[in-house]
Amino acid sequence: MASVSYGRAVALAALQAALSSTWIAARELSPAKRRLARLGTVAAVATVGWVTSPKEEDDDEFEPELVVGDRPFPVSEPQPVSESEPAIPFDKRKAAVGLAMLGLTVAAVVGRRQLEKRWLARLTRNGHPHPTRALAVRVGAVEFAGQLALQVADAHRIAARSRG
């Protein structure tokens, strides 16, 4: 099972790298062709994702079943909330982790964009014949490495959980 997860991690990283590099390479096209190329890329990635997604054996035969308990409504009335007790439970640790993840995501997006600008400026300044295509290759490699690290860590965590 772990080898399938790691293989899937490599495939997902490659798919994300292909999407990112194709998206950037399309910048050289005219607006209509760029939109068409990006639409085709998104459709291809969605198709590959759908085809390779794990499916249950009886997935096609699944029919939802309506089950109503003998008491579908609350048994007792909710207790009034006192002034000293907050109405909604607030977990400070979860909020801090959520804010940290949001901050990391924003930092990664801003950092990637700055790196793209710097690379494109350098490629253009050095007279590269196709700077946007070269940028797409570079970003694809960085995207693959980053996504592979995240996907392998996730696969490793899932494999460790399944072992016990």
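Everything discussed here concerns the structure shown above.
Peer 1: Honestly, the side chain of Glu-116 in this entry has me stumped. Any pointers?
Peer 2: Structurally, the position occupied by Glu-116 is in helix α3 (residues 92-125). Within the structure, Glu-116 has its side chain in polar contact with the side chain of Arg-113 (distance 3.0 Å).

Peer 1: Got a minute to help me understand the side chain of Ser-21 in this structure?
Peer 2: As for its position among the elements, Ser-21 is in helix α1 (residues 2-25). Residue class for Ser-21 comes out buried when judged on its relative accessible area of 17%.

Peer 1: Any chance you could explain the packing of aromatic side chains here in plain terms?
Peer 2: To describe a pair of aromatic rings, one takes the distance between the centres and the angle between the planes. Scanning the entire structure with this criterion turns up zero aromatic pairs. Over the aromatic face of Trp-119 sits the side chain of Arg-138, whose NZ or CZ is 5.5 Å from the ring centroid.

Peer 1: How should the pattern of salt bridges be read in this particular structure?
Peer 2: Enumeration over the complete set of coordinates arrives at six salt bridges. With a shortest N-O distance of 2.8 Å, Glu-116 and Arg-27 are connected by a salt bridge. Here Glu-116 is found in helix α3, whereas its partner Arg-27 is found in the loop between α1 and α2 (31-52), with 89 residues between them in sequence. Overall, the relative accessible area of 5% leaves Glu-116 in the buried class. Between Arg-112 and Glu-116 there is a salt bridge whose closest N-O contact spans 2.9 Å. With Arg-112 and Glu-116 both in helix α3, this residue pair falls four residues apart, about one helical turn.

Analysis parameters
- Residues numbered from 1 in each chain as written.
- Predicted model: local features only at pLDDT ≥ 70, side-chain atom pairs only at ≥ 80, totals over all residues.
- Heavy atoms only, no water.
- Helix = DSSP H or I, 4+ residues; strand = E, 2+ residues; numbered from the N terminus.
- Polar contact = N/O pair within 3.5 Å; in protein donor to acceptor, adjacent residues only side chain to side chain.
- Buried < 20%, exposed > 50% of the residue type's maximum accessible area, 1.4 Å probe, protein only.
- Phe/Tyr/Trp six-rings, centres within 6.5 Å; stacked < 30°, edge-to-face > 60°.
- Lys NZ or Arg CZ within 6 Å of the ring centre and 35° of its normal.
- Salt bridge = Lys/Arg side-chain N within 4 Å of Asp/Glu carboxyl O.

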